[in-house]
Every structure is written in structure tokens, then in C-alpha cells.
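If you want the building blocks of each chain, they are given just below.
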Amino acid sequence: IVKPISRRAVTALRSPIRVTIAGWLTPALLGAVGMVALFGVLSLALGFAFANPLGTLGILMFASFTYAAIILALNVWLGSVGQFVGLIMMVLQLVTAGGTFPWQTLPAPLAWLHHVLPMGYVVDAMRQLMYGGDLSRVGADVGVLLMWLVGALALAAIGVTRMTHRRTLRDLQPSLIG
């Protein structure tokens, strides 16, 4: 729903890094607000007790930041097709993350995705923080999420840089149609 990259900023030759961060920040902050609301419903309305409430909220927000960066990179490189690829990626992650059933029971062609896609690491970190597990595993999970976040933002910035080199007169004066 949120436009990923401002064509006006790209056309005005703004810094590709600034344009990328600006395109990422709005959905990331919206996601963070959603995670705070989710955490509030779980803890206040449903009375769920967390072993590490601040860590749990932190990983929820960090996961939201990471997914916003991934979707931004997909949108920058693939346009509206990127949104569809992001949807497929989320469905694959729901199956392979191990949140609803043990990922070890997956068939071999899907099991390796558990170790590649970020949601498996989010699920593991959430379990450790919610129930008082091993915090060293949380550090490793956050490290993987950080790699996904930085990698996605770097790819998006490269895509935005590429956009600045391929401007046309139509970019300077947008059409009335869209």
C-alpha cells in the first residue's frame, strides 16, 4: 500500500541511501506500531506472561524492520511482481519456520528453507525469549536477522542507484494518467 520509493526524490537526484532509508522507514515504523499493538493485546488483553517481555517486544519489532526491508528490496527490483514474490516467500516461511509444527518433519526439499529464510530464526528467538530459554541462541538468531536486514537494504540501495541512472523526461513531468 505504501509507495516504496519516491520517484520525485529519485528524479531530483537525492542520495540513493537517503531515498532507500526513507522508503524503508515508513513501513518499518508502521510495522513497529503493529507489533506494539500485538504485544499489548497478548500481554494485557489475553494475560500472556512473558519470561523476557522487553526482549520479546524487541524481536517482534526487529523482525518487522527486517521484513519491511526485504519487501522494499523486492519492490525496488521487481516492482509489483516483487509484492507477489514477497507473498510467496511469506507462505513458504509459514510452512518452514517451525511455528505450527516441528520443521524437522518437513520433506527434504522444504527442510533446507528453514535454515535459509528469516522466519525460522524469528520463531526460535521468540520461543527463547517468551519461555525463558537460552539467550545465546537469541543472539545468533538476531545476527541472522541483521544480515537479512542489511542485505535487503543494500540491495534496495543498489536498485535505487540504478534508478537514478535511468531517468527520462517522463520522470521529470509525470503523466496525468499515472
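Residues numbered from 1 in each chain as written. Predicted model: local features only at pLDDT ≥ 70, side-chain atom pairs only at ≥ 80, totals over all residues. Heavy atoms only, no water.

Things to note about the packing of aromatic side chains
Counted under the stated rule, the structure contains four aromatic pairs. Their ring planes at 25° and their centres at 4.8 Å tell us that Phe-39 and Phe-50 sit as a pair that is stacked. Taken together, the residues span a long stretch of sequence, with Phe-39 in helix α2 (residues 16-45) and Phe-50 in the loop between α2 and α3 (53-78) at a distance of 11 residues. This pair shows no difference in class: Phe-39 is buried, exactly as Phe-50 is. (Phe/Tyr/Trp six-rings, centres within 6.5 Å; stacked < 30°, edge-to-face > 60°. Helix = DSSP H or I, 4+ residues; strand = E, 2+ residues; numbered from the N terminus. Buried < 20%, exposed > 50% of the residue type's maximum accessible area, 1.4 Å probe, protein only.)

Re the environment of Phe-39
For Phe-39, a relative accessible area of 13% translates into the label buried. The spatial distance from the C-alpha of Phe-39 to the C-alpha of Met-61 is 10.0 Å, given a sequence separation of 22 residues.

With respect to the confidence of the model for the chain
Should the pLDDT be low somewhere, the predicted coordinates at that spot are not to be read in detail. Taken as a whole, the chain shows an average pLDDT of 87; of its residues, 87% reach a score of 70 or greater. Within the chain, the lowest mean pLDDT, 56, falls on helix α8 (residues 169-172), and the highest, 95, falls on α3. (pLDDT = per-residue confidence, 0-100.)

Brief notes about the nonpolar core
By size, the foremost hydrophobic cluster in this structure holds 38 residues, and its most contacted members are Ile-5, Trp-24, Leu-72 and Val-76. For this core, the elements supplying multiple residues, two or more each, are α2, α3, α6 (119-131) and α7 (135-164). Take this core: its biggest share by element is 13 residues, from α3. Among all residues touching Leu-72, those that are not within four sequence positions of it are Pro-4, Ile-5, Thr-20, Gly-23, Trp-24, Leu-153 and Ala-156. (Core = buried A, V, L, I, M, F, W, Y, C linked by side-chain atoms within 4.5 Å. Contact = heavy atoms within 4.5 Å.)

Observations concerning the pattern of salt bridges
Pairing between side chains of opposite charge can happen when their charged atoms approach one another. For the coordinates displayed, the defined rule picks out one salt bridge. Here Asp-124 makes a salt bridge to Arg-137, at a shortest N to O gap of 2.3 Å. With Asp-124 in helix α6 and Arg-137 in helix α7, this pair connects stretches of sequence that are 13 residues apart. Given a relative accessible area of 16%, Asp-124 falls into the buried group. Of the residues examined, Arg-137 reaches a relative accessible area of 41% and is grouped as partly exposed. (Salt bridge = Lys/Arg side-chain N within 4 Å of Asp/Glu carboxyl O.)

Some words on a nonpolar patch on the surface
Taken together, Phe-84, Leu-87, Ile-88, Val-91, Leu-92, Val-95 and Phe-101 make up a surface patch of nonpolar side chains, about 590 Å² in accessible area. Looking at the element boundaries, Phe-84 is found in helix α4 (residues 80-96). (Patch = residues over 30% accessible without salt bridge, like charges linked within 9 Å, V, L, I, M, F, W, Y side chains within 5 Å. Areas by Shrake-Rupley, 256 points an atom, 1.4 Å probe, with all protein chains shown as cover.)

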